[in-house]
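Structural description and commentary
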Amino acid sequence: MKTTSLYSTSGKLWKSIALTLPMFLLTFVFITGGKPDFSSSSAIFSFVVTFIFFNTLFFLMLYTGKTDRFRAIGFIAMALFFALVFIVNLVKMRGSMSFSNENLLSCEIPFCHIVTTMIIIPIVLTKSIIFPGSILTGFASIASMLVIVIGISLALGRGFCSWGCFYGGWDDGTSRILRRPVIKNVNPNWRWFSFAFLLIIALSAAITLTPTYCSWFCPFKTVTEYEKITNFDTLMKTIVFVSLFLSLVIILPVLTRKRIQCGTFCPMGALMSFTNKINPFEVTIDKEKCNDCKKCIRTCPTFSMVEPGLSKGRPEITCMKCGKCIDECSQNAISYHIRGTPSGKAFTAARTLFLYPAFTLLVVFAGGNIQYGIVLLIRFFSTGSFM
Ligand code: SF4
Ligand code: SF4
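As a starting point, this report considers the structure included with it. Please read all numbers here as calculations on a predicted model, not as lab measurements.

**Focus on the overall build of the protein**
- Assigned secondary structure in the protein consists of 17 helices and four strands.
- Along the longest, intermediate and shortest principal axes, the C-alpha atoms of the protein span 75 × 50 × 40 Å.
- For the protein, the proportion of its 387 residues judged to be buried stands at 41%.
- Excluding contacts between residues fewer than 6 apart, the proportion of contacts in the protein whose partners are at least 24 apart in sequence is 75%.

Following this line, the structure appears as structure tokens:
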């Protein structure tokens, strides 16, 4: 009996190592962008740390069978390092986090995926893009981000919100600070607010031909870039951005243990929910194994696991495929699943097939930022400056 158990443990170890090997190549390519920079000791050190970091996370996912706890480490690190690298780049480029009218007029504003929610109707109506960014060239061009958003939607659906969004790690992180929620029983119907908000944002952008969410509602302006405060209007906007960041990204997620910004407010999250219907991966519940403990409902940080979903055998359309409910279910009743394939043993293969594109997405968005972020931190601790 003992021999069998030792054999199966070592078999699992070797299988997990073998399945991690392709990720070695993918992380090397995506961290370095195909052009390794080994010109300084800090560049070599940051590459080695980032490479080991990602491959260890991927190996542990495979070896332990747990997804969310290792995903969250990479995802939260991405959000923090993205903000650091973005701000340092802006200060280098323009001298500050704020942008002026001249920057707007010369289309120097990086395009973020959330803008997608506002440009679609104006493109159809006016054949123009209402965002002051570069279409093809430079840092985060409009074309490159749109290609990425469409590709991810087809591959992972709303999985983007738990594996690729460089903002999502903020409330994913703050929602884990307390072990128990202070505010319990938040009505899960709040998740539909983001759909109403998406409609408001899309229509208001089409009427005013301006990106209204960016101008007035984006909490992440607080940790990226914002309009220079020159008058009452820009002062009000800044107050709104900071208030939304503090309430939706910090305070409410801490108190509820839910991803309030992503789960109830983000219009891009609502738009991505529809893409959950057109990609191969889904999360399903085996009703025969389920003992109705409802732990998954309490655990889901995005209000996507609700009573009707349990009886239907799948979460709501808003599921971000984070894997938290899967990790928590003591009956192994929940799993990643490929549409149209049988359940049961196919579960394990479906999870592995999901993890490759999902984790690669994390590496694509996080790899370069974490690597360069480490270089910046080394510079800061050795010279006292990020520049
Ligand atoms: S955690 Fe698992 S066993 Fe409990 S209700 Fe959810 S699916 Fe069923
Ligand atoms: S239903 Fe499960 S996988 Fe989907 S968002 Fe909720 S916890 Fe994550």
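**Some thoughts on the environment of Ser39**
- Secondary-structure assignment places Ser39 in the loop between helix H1 (2–32) and helix H2 (41–64).
- On a C-alpha basis, the gap between Ser39 and Phe28 in space is 16 Å, while along the polypeptide they are 11 residues apart.

**Observations concerning unusual backbone geometry**
- For Asp292, which is not a glycine, the phi torsion comes out positive at approximately 65 degrees.
- Along the polypeptide, Asp292 turns up in the loop between strand S3 (281–285) and helix H14 (295–299).
- With 11 C-beta atoms packed within 10 Å, Asp292 lands in the exposed category.
- At Lys294, a residue that is not glycine, the phi angle is positive and equals roughly 70 degrees.
- Within the element layout of this structure, Lys294 appears in the loop between S3 and H14.

**What to know about helix H6 (residues 142–156)**
- Helix length check: H6 (15 residues) gives 21 Å between terminal C-alpha atoms against 21 Å at 1.5 Å per residue, within 8%.
- Taken together, the buried positions of H6 are Ile142, Val149, Ile152, Ser153 and Leu156. Projected onto a plane normal to the axis of H6, the buried residues spread over an arc of 105 degrees and lie on a single side. When the buried face of H6 is taken as reference, the exposed residues oriented beyond 90 degrees from it are Val147, Ile150 and Leu154.

**A short note on the site of ligand 1**
- Taken together, 13 residues lie near ligand 1, and Cys290, Cys293, Lys295, Cys296 and Cys329 sit nearest.
- The residue makeup of the shell around ligand 1, split by class, is eight nonpolar, two polar and three charged.

**Topic: the packing of H2 against helix H3 (residues 68–94)**
- Relative to each other, H2 and H3 sit at 160 degrees, their axes nearing to 9 Å. With respect to each other, H2 and H3 are oriented roughly antiparallel. In the crossing of H2 with H3, the sense of the turn from one axis to the other is left-handed. Residues Phe54, Leu57, Leu60 and Met61 of H2 form the contact with H3, whose participating residues are Phe70, Ile73 and Gly74.
- When the residues that make up the contact of H2 with H3 are grouped by side-chain class, the tally is six nonpolar, one polar and no charged.

Thresholds, definitions, all that
- Throughout this document, residue positions are counted from 1 along each chain, in the order its sequence is written.
- Written order decides the labels, with chains lettered from A and ligands numbered from 1.
- A pLDDT threshold of at least 70 governs which residues receive local features in this predicted model, and a stricter bar of 80 or more applies before side-chain atom pairs are shown or counted, although totals over entire chains, interfaces and linings include all residues.
- Per the convention used, a helix needs a DSSP run of H or I reaching at least four residues, while a strand needs a run of E reaching at least two, with both numbered from the N terminus.
- Put plainly, a residue is buried at 20 or more neighbouring C-beta atoms within 10 Å of its own, exposed at 12 or fewer, and partly exposed in between, counting only other residues' C-beta atoms, which are placed from the backbone.
- Our contact criterion uses C-beta atoms placed from the backbone: two residues qualify when those atoms are within 7 Å.
- What a helix should span is 1.5 Å times the count of its residues minus one.
- Starting at the helix axis, one direction is taken to each C-beta atom, and the arc is that of these directions.
- Near, for a residue, is defined by distance from a backbone-placed C-beta atom to a molecule or strand, with 6 Å as the limit that must not be exceeded.
- Under this grouping Gly is polar, as are all residues other than the nonpolar Ala, Val, Leu, Ile, Met, Phe, Trp, Tyr, Cys and Pro and the charged Asp, Glu, Lys and Arg.
- In this description, a line fitted to the C-alpha atoms serves as the axis of each element, helices being fitted only across the stretch in contact, and the angle between N-to-C directions of two axes falls anywhere from 0 to 180 degrees.
- The labels follow the angle: roughly parallel below 35 degrees, roughly antiparallel above 145, roughly perpendicular from 65 to 115, and oblique for the rest.
- Crossing handedness is defined as follows: a turn of the near helix away from the far one that is anticlockwise and smaller than a right angle gives a left-handed crossing, while the clockwise case is right-handed.

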